[in-house]
Amino acid sequence: MSAEIVVTNAVKVFGSGAAGVPALQDITATVPEGQFLCLLGPSGCGKSTLLNAMAGFTPLSAGTISVGGRPVREPGPDRGMVFQEYALFPWMSVEDNIRFGLDVKGVPKAQAEATVARITDKLGLADFRTRYPKDLSGGMRQRVAIARILALDPPVMLMDEPFGALDALTRRTLQDELLRIWAEDRKTIVFVTHSIEEAIYLADRILVMTYRPGRIKRDVTVPMPRPRDPASAEFNAIKRELGQLVMEEQARFTDAELHAPAVD
Amino acid sequence: MTLSSFRGVLVPLGLLLLWEVLSRTGAVSPVVLPPPSAVAVKWWAGLQPALPYDPGQESYLSWLFSGEMPHDAVSSLGRVLAGFALGAGLAVPIGLMLGTSDGLYSLFNPLLQVLRPIPPIAYIPLAIVWFGLGNPPALFLIALGTFFPVLVNTIAGVRQVDSIYIRAARNLGAGRWTMFRRVILPAASPFVLAGMRIGIGTAFIVVIVAEMIAVSDGLGYRILEAREYMWSDKIIGGMLTIGILGLIIDGAMSRLNDHLLRWHRGLER
Ligand SMILES: Nc1ncnc2c1ncn2[C@@H]1O[C@H](COP(=O)(O)OP(=O)(O)OP(=O)(O)O)[C@@H](O)[C@H]1O
Ligand SMILES: [Mg+2]
C-alpha cells in the first residue's frame, strides 16, 4: 500500500460565527511515501489539528486529506498515532498493550506472540513485558506506545510531540531510536514538535506553520546526511533561519494571548 | 509490644475494667450492662456446636458451624452476598448503558436523582406489602441498598473515562464491542469497585435491620430475640459478632480491590 499523504485546501474552524477559531486555513501539501516530515510552530498554530485531521479524529471544515489515495474519514490502524500523553492503557501490561491492535485485527495467537516478541526486542522492552505502565519511566512508556503502533506495521506514523515531556537525554535516545526504526522500514512519518532543534535533527523536510490562522509559512528541506551533528555550522545555519521564522509567529501568539479576553 | 501500641490498648482495657467493676459491684444493673466477662462467656458458648461431633452424621466443617452463632453468621453473610450479587448484577450493566448513552442518561437521570436519596430502610413497609415476610423482602432490601451506590458510581466511572484512551483504541482499530469490554469497562472499574465497596457496606446495614423484621434467623434476628428475654449479654455478644463479620466483609472487599486495581496509579505504594 502506498503511503503518500495528500492534503488539499484543508480548512478547519472550531466553533462558528464571530467566535469561531480559524485553526487551519487553506493548507495544501504532499508528503511523499517514506518521508520524515516535521510540523513546526508555536503553541496554538494548528499542528495538532492538522495531525488529528490526518489521523481521522478531527473532520475538516473544508478540503480533503487522502492517505495512499484513499480519503481519510475515520481513524484507522494504517495511520498509527503516538500521543504526547502516551495514552497507554494503564490496566494492561506492556505486552497486552502491544498486543491490543493485533487482537482487534484478529491475528492468530502464535503469530501475535511472535510479533510482540520481535517488537519488544527491537525496542528494548523485553524485560518489561509483564509490567504495568505505572511502573515505567516516561521514556519507557513512550517506547511502549511506539511499539504498540509498530506491531501493526502501519505505512504511516503520526506523532504529536511524542518526546515533549521527556528529559533531554532520554529524548535524544528516543530520537535516535526512531531514526533507526524509520531507516529500517521507511514509513511515512509526520512528527509534530515546537522544538526547532528536534525538527532539524529528525526531519527530511520541515513545514513551519503560522499562528492563527494556521498556514504553511515555509517549506524547508533539510539537506544534511544523518547522523546530524547539532553543533555543526550547517545545523546552526538552518536553526538560525528557522528560529527567525518561528519567533515571528511566537510573537503573534504572545500578542494574541495577552490581548485575548480571559476565559476559563 | 511497643510503647505506642501499648498506649493504644490502654483506654479500651481501662474502660473494660471499669465496666466490669461497675456491674460486678451492682452499681449498674446487669440487665442494663452485664459485665464484659459474662458477655465473653455467652459469646463463647454461642460459638460452640450444640451436639458432640459424630463423624457418621456430618462433615467436620458443618459440625463446626452448627452452633447458633456460626449458623446465624452464615445466614446473614449468605443474605448479604445474594442481595449484593442481585443489586450489583443489575446496577453494573444498567450503569454502563446509562453512562455510555447520553440519550438514556438524560431520560433516566432525573428519576435516579429522585429515588437515590430514599434510604433502603424506608422501603421496609413496601417490601413487606409486596413480598410478605421471609427471605424475599430481605433480599429485595439488601439488593436495593447495593443497587444505588453501585449504579451511581458506575455511571460516573463511565462518564469520566479519559477520551485519550478512546482515541488510542479507535486509532488501533477497536470496534464498539472491544471498546466497551477492553477500554471503557476497565477504565471505569476503579469507580465501579468503589461503588461496590459502599454498596456492600450498605447491604450489611440493611441485612441486620431486615432480619429484625422479616426472618427468623441471622444475627439481626438473634439480638432482637435476645431482647425479648432481656439477655443483654447475648445482645452485646451478637453485636460483637456483627462487628467482626462487617470487618471481614470490608477486609475481603478491600483485598479484592487491591488485586483488581493493581495496575492503578492511585495504589502506588
Ligand atoms: N476542540 C477545540 N475547540 C476550539 N478550539 C480549538 C479546539 N482544538 C484546538 N482549538 C484551537 O485551535 C488552535 C490550534 O490548536 P492546536 O491544538 O492544533 O495547536 P498546536 O499547534 O497543536 O498547539 P500546541 O503546541 O499547544 O499543542 C488553537 O488556537 C486552539 O485554541
Ligand atoms: Mg498540539
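Predicted model only: the values in this text are computed from it and were never measured.

Peer 1: Let's hear about the sheet that holds strand 6 (residues 79-82) of chain A: which residues, and what values?
Peer 2: Pairing between the strands of a sheet is mediated by backbone hydrogen bonds and can be parallel or antiparallel. Residues and elements named next belong to chain A. Spatial strand order, 6-7-8-3-9-10: 6 strands in an open sheet with mixed pairing. Sheet topology places strand 6 and strand 10 (216-221) at the edges, where each strand pairs with a single neighbour. Ignoring strand direction, the axes of neighbouring strands in this sheet form an average angle of 15°. Together, strand 6 and strand 7 (156-160) form the strand contacts of helix 4 (residues 138-150), whose direction differs from that of strand 6 by roughly 175°.

Peer 1: Describe the interface of chain B and chain A, naming the residues involved and giving the relevant values.
Peer 2: Listed as interface residues are 20 residues of chain B and, on the opposing side, 27 residues of chain A. Of the roughly 2,300 Å² buried between chain B and chain A on both sides combined, carbon and sulfur atoms contribute 64%. In terms of surface lost to chain A, no three residues of chain B exceed B:N171, B:L172 and B:W263, which account for 34% of the buried area on that side. Our enumeration of links across chain B and chain A arrives at 1 salt bridge. The closest approach of N and O atoms between A:D103 and B:R182, which form a salt bridge, is 2.9 Å. Those elements giving two or more residues to the side of chain B that touches chain A turn out to be helix 8 (163-171) and helix 9 (176-213) of chain B. No other element matches the 7 residues that helix 8 of chain B contributes to the side of chain B that touches chain A.

Peer 1: Can you tell me about the pairing of strand 6 of chain A, naming the residues and giving the values?
Peer 2: Residue and element names in this part refer to chain A. Neither face of strand 6 is open: one carries R79 and M81, the other G80 and V82, and all of them are buried. The pairing of strand 6 with strand 7 spans 4 bridges and is parallel. Residue pairing for strand 7: M81 is matched across the bridge by L158.

Peer 1: Lay out the confidence of the model for chain B in plain terms, naming residues and giving numbers.
Peer 2: When pLDDT is averaged along chain B, the result is 92, and 98% of the positions lie at 70 or above. Scoring of the predicted complex yields 0.86 for pTM and 0.92 for ipTM.

Peer 1: Lay out the pattern of salt bridges with the relevant residues and their values.
Peer 2: All names here are of chain A. This model, assessed by the stated rule, comprises 30 salt bridges over all chains. Measuring nitrogen to oxygen at the nearest pair gives 2.9 Å for the salt bridge that ties D219 to R205. Taken as a pair, D219 in strand 10 and R205 in strand 9 (residues 205-209) lie far apart in primary sequence, 14 residues in all. With relative accessibility at 42%, the residue D219 sits in the partly exposed group. Accessibility expressed as a relative area gives 11% for R205, which makes it buried. When the shortest N-O distance is used, the salt bridge between K217 and E248 registers 2.9 Å. Of the two residues, K217 is situated in strand 10 and E248 in helix 7 (residues 233-259); the sequence distance between them amounts to 31 residues. A relative accessible area of 25% places K217 in the partly exposed class. Owing to a relative accessible area of 37%, E248 belongs among the partly exposed residues under this scheme. Because the salt bridges share partners, they merge into one network encompassing E95, D96, R99, E113 and R129.

Peer 1: Describe the side chain of A:T188, with residues and values.
Peer 2: Residue and element names in this part refer to chain A. Take T188: it is sitting in strand 8 (residues 188-193). A polar contact of 2.9 Å, which involves the side chain of T188, links it to the backbone nitrogen of G34. In this view, T188 contacts A3, I5, V31, P32, E33, G34, Q35, P155, V156 and M157; residues no more than four positions away in its chain are not counted.

Peer 1: Tell me about the packing of helix 2 (residues 94-105) of chain A against helix 3 (residues 109-122) of chain A, and please be specific about residues and values.
Peer 2: All names here are of chain A. Between helix 2 and helix 3, the least distance of the axes is 10 Å, while the angle of their chain directions is 130°. Between helix 2 and helix 3, the angle is such that the two are oblique. For the element pair helix 2 and helix 3, the recorded crossing hand is right-handed. Of the residues in helix 3, those touching helix 2 at E95, I98, R99 and L102 are A112, E113, T115, V116 and T120. Considering only residue class, the contact of helix 2 with helix 3 consists of 4 nonpolar, 2 polar and 3 charged.

Calculation notes
- Residues numbered from 1 in each chain as written.
- Chains lettered and ligands numbered in written order.
- Predicted model: local features only at pLDDT ≥ 70, side-chain atom pairs only at ≥ 80, totals over all residues.
- Heavy atoms only, no water.
- Pairing = 2+ DSSP bridges.
- Helix = DSSP H or I, 4+ residues; strand = E, 2+ residues; numbered from the N terminus.
- Axes fitted to C-alpha atoms, helices over the stretch in contact; angles between N-to-C directions.
- Contact = heavy atoms within 4.5 Å.
- Buried area = accessible area lost by both parts, 1.4 Å probe.
- Salt bridge = Lys/Arg side-chain N within 4 Å of Asp/Glu carboxyl O.
- Buried < 20%, exposed > 50% of the residue type's maximum accessible area, 1.4 Å probe, protein only.
- pLDDT = per-residue confidence, 0-100.
- Polar contact = N/O pair within 3.5 Å; in protein donor to acceptor, adjacent residues only side chain to side chain.
- Parallel < 35°, antiparallel > 145°, perpendicular 65-115°, else oblique.
- Left-handed = near helix turned anticlockwise from the far one by under 90°.
- Nonpolar A, V, L, I, M, F, W, Y, C, P; charged D, E, K, R; others polar.

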